[in-house]
Amino acid sequence: EQWKRKAAIYRERTLPLHVIDSADTVDAEAMRGHLAAIATLLQVPPAVAFDTHIQMRAHGTWTFDFLCDAVAEVASEVGGFPTHTQLREAGYGHAVQMLKQAGMAPRVAETTGIALRNRKGTWPRERVIEAHVAWVRAHDGQFPTAEGLKAAGHGEMALARKRIFANAQEVLRDEVARRTGLKFPLPRLPNGACDTQEQAAALLRPLCDRLGRFPTCAEMVAALPHHVHNTVVTQWGVRAMAAYMGVPHTGTRRWSRELALAEFVAKLPRRRVLASGGGADELAINCTTILQTMGHTGIHLMQSYFGNIAGLRAALSGVDLRRPLADPETGTPSG
């Protein structure tokens, strides 16, 4: 009805009507022609350019086969079944909507032969418990906090714990205690136990003695009740607290692109690949490996200094792995 009314108005006023087919809206060259024709009708200068970074496709393009091709293309770049964010960044935003359909993601995974990440059932109840038992044994009998797991690069484990033991954290704690023969006091402080700097210092002192310095925020969160970290940061500040206790404080790391690159070289695992004249070292560069070895800090560094995984790969492709880069901790040449 709107089209009929518009066409009638144009005819009554003897105005030229320029029709653009919907399929042409995804063709940059066709749109340039249309805009030039419209500019001529309006007697105005033609558009200088018509372009967009958004990748549009005509109606009907998104078939199941096209979805599989898009997933496979991005998977080849990121080293595994792509996340929704990775698909959007690659210009395949509509793929996300299709993958959200019931049963679609497993169907695409089966068709393409690319294993799903974080598939439901990958972290069953028993695996979550055993992972916590292993953590406790490796960390001097300390039961991990969710923040501590994420800081150590175990984000998937933290999410699985939240999903399976959403309203039963004490059940998980009791089961891990039974299997390890240890007791885990609840990470809570009585009211008023951290109101003064003296009280906070008493809670922090054992951790400072063990580290030989003032802990980072992540280390405070991982080792102490969360209230301690919040109180120190909001009431006095980390530097002031370290000065009050007379404990060395290394300060916040000042990152740069060079130091971030050195961090990836130092932390990412290496693999042997065949090359002319024998084997050669190559870094395993994909988002899953970065998350597992460097945690969310690694993802943040990649996005902040290299844009995406492709930018990081390009930067690392020119790095000679036999030559040491600047030490990530001190910023000075290592080795």
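On a predicted model such as this, the values are computed, not experimentally measured, just so you know.

(A) Quick peek at the packing of aromatic side chains. Taken as a whole, this structure holds one aromatic pair when the rule is applied. With a centroid separation of 6.0 Å and 70° between ring planes, the pair formed by Phe 264 and Phe 306 is classed as edge-to-face. Of the two residues, Phe 264 is situated in helix 15 (residues 257-267) and Phe 306 in helix 16 (residues 287-306); the sequence distance between them amounts to 42 residues. The exposure class of Phe 264 is buried, given its relative accessible area of 0%. Cation over ring: Arg 107 sits above Phe 64, and NZ or CZ is 3.7 Å from the ring centre.

(B) Molecular detail of helix 11 (residues 197-211). An ideal rise of 1.5 Å per residue puts 21 Å on 15 residues; helix 11 measures up with 20 Å between its terminal C-alpha atoms. Turning to helix 11, its buried residues number three or more, namely Ala 200, Ala 201, Leu 204, Leu 207 and Cys 208.

(C) Quick look at the pattern of salt bridges. If you walk through the whole model with that rule in mind, you get six salt bridges. Here Glu 130 makes a salt bridge to Arg 179, at a shortest N to O gap of 2.5 Å. Placement of Glu 130 in helix 7 (residues 125-138) and of Arg 179 in helix 10 (residues 169-180) is noted, with a sequence separation of 49 residues between them. Glu 130 sits in the partly exposed class, given a relative accessible area of 38%. We note a salt bridge from Arg 179 to Glu 175, for which the minimum N-O separation is 2.7 Å. Of this pair, Arg 179 and Glu 175 are both found in helix 10, four residues apart, which corresponds to roughly one turn of the helix. When salt bridges that share partners are traced, they join Glu 126, Glu 130, Glu 175, Arg 178 and Arg 179 into one network.

(D) Broad picture of unusual backbone geometry. A positive phi is found at Gln 43, a non-glycine position, where the angle reads about 60°. Within the secondary structure, Gln 43 is located in the loop between helix 2 (28-42) and helix 3 (64-78).

(E) Inspection of the side chain of Arg 161 at higher detail. Note that Arg 161 resides in helix 9 (residues 155-164). Side chain to side chain, Arg 161 and His 132 meet in a polar contact 3.1 Å long. A distance of 2.8 Å separates a polar side-chain atom of Arg 161 from the backbone oxygen of Pro 144. Ignoring any residue separated from it by four or fewer positions in sequence, one finds Arg 161 in contact with Val 128, His 132, Phe 143, Pro 144, Thr 145, Ala 146, Leu 149, Ala 166, Gln 169 and Leu 172.

(F) Structural detail: the environment of Thr 289. Take Thr 289: it is sitting in helix 16. For Thr 289, a relative accessible area of 12% gives the class buried. As for Thr 289 and Leu 268, which are separated by 21 residues in sequence, their C-alpha atoms are 7.3 Å apart. For Thr 289, the residues in contact, after removing those within four places along its chain, are Leu 268, Pro 269 and Ala 284.

(G) Region of the structure containing the nonpolar core. Core analysis: the biggest nonpolar cluster contains 40 residues, and Leu 67, Leu 99, Val 108, Phe 264, Leu 312 and Leu 316 have the highest contact counts within it. Within the residue set of this core, elements represented by two or more residues are helix 3, helix 5 (93-99), helix 6 (104-112), helix 15, helix 16 and helix 17 (309-317). Those residues in contact with Leu 67, other than ones at most four positions away along the chain, are Trp 62, Ala 95, Met 98, Leu 99, Met 104 and Val 108. Trp 123, Val 128, Trp 135 and Phe 184 belong to the second-largest nonpolar core, a separate cluster that totals 17 residues.

(H) Representation of a nonpolar patch on the surface in the model. On the surface, a cluster of nonpolar side chains totalling about 310 Å² of accessible area is made up of Trp 3, Leu 17 and Val 19. Topologically, Val 19 is positioned in the loop between helix 1 (2-12) and helix 2.

(I) Focus on the packing of helix 7 against helix 10. Relative orientation of the contacting elements helix 7 and helix 10 amounts to 60°, with a least axis distance of 10 Å. What the angle tells us is that helix 7 and helix 10 run oblique. Crossing angle aside, the handedness with which helix 7 passes helix 10 is right-handed. In this structure, helix 7 contributes Arg 125, Glu 126, Ile 129, Glu 130, His 132, Val 133, Val 136 and Arg 137 to the contact, and helix 10 contributes Val 171, Leu 172, Glu 175, Val 176, Arg 179 and Thr 180. Here the contact of helix 7 with helix 10 is built from residues that sort into six nonpolar, two polar and six charged.

The rules behind each value
Residues numbered from 1 in each chain as written. Predicted model: local features only at pLDDT ≥ 70, side-chain atom pairs only at ≥ 80, totals over all residues. Heavy atoms only, no water. Phe/Tyr/Trp six-rings, centres within 6.5 Å; stacked < 30°, edge-to-face > 60°. Helix = DSSP H or I, 4+ residues; strand = E, 2+ residues; numbered from the N terminus. Buried < 20%, exposed > 50% of the residue type's maximum accessible area, 1.4 Å probe, protein only. Lys NZ or Arg CZ within 6 Å of the ring centre and 35° of its normal. Expected span 1.5 Å × (residues − 1). Salt bridge = Lys/Arg side-chain N within 4 Å of Asp/Glu carboxyl O. Polar contact = N/O pair within 3.5 Å; in protein donor to acceptor, adjacent residues only side chain to side chain. Contact = heavy atoms within 4.5 Å. Core = buried A, V, L, I, M, F, W, Y, C linked by side-chain atoms within 4.5 Å. Patch = residues over 30% accessible without salt bridge, like charges linked within 9 Å, V, L, I, M, F, W, Y side chains within 5 Å. Areas by Shrake-Rupley, 256 points an atom, 1.4 Å probe, with all protein chains shown as cover. Axes fitted to C-alpha atoms, helices over the stretch in contact; angles between N-to-C directions. Parallel < 35°, antiparallel > 145°, perpendicular 65-115°, else oblique. Left-handed = near helix turned anticlockwise from the far one by under 90°. Nonpolar A, V, L, I, M, F, W, Y, C, P; charged D, E, K, R; others polar.

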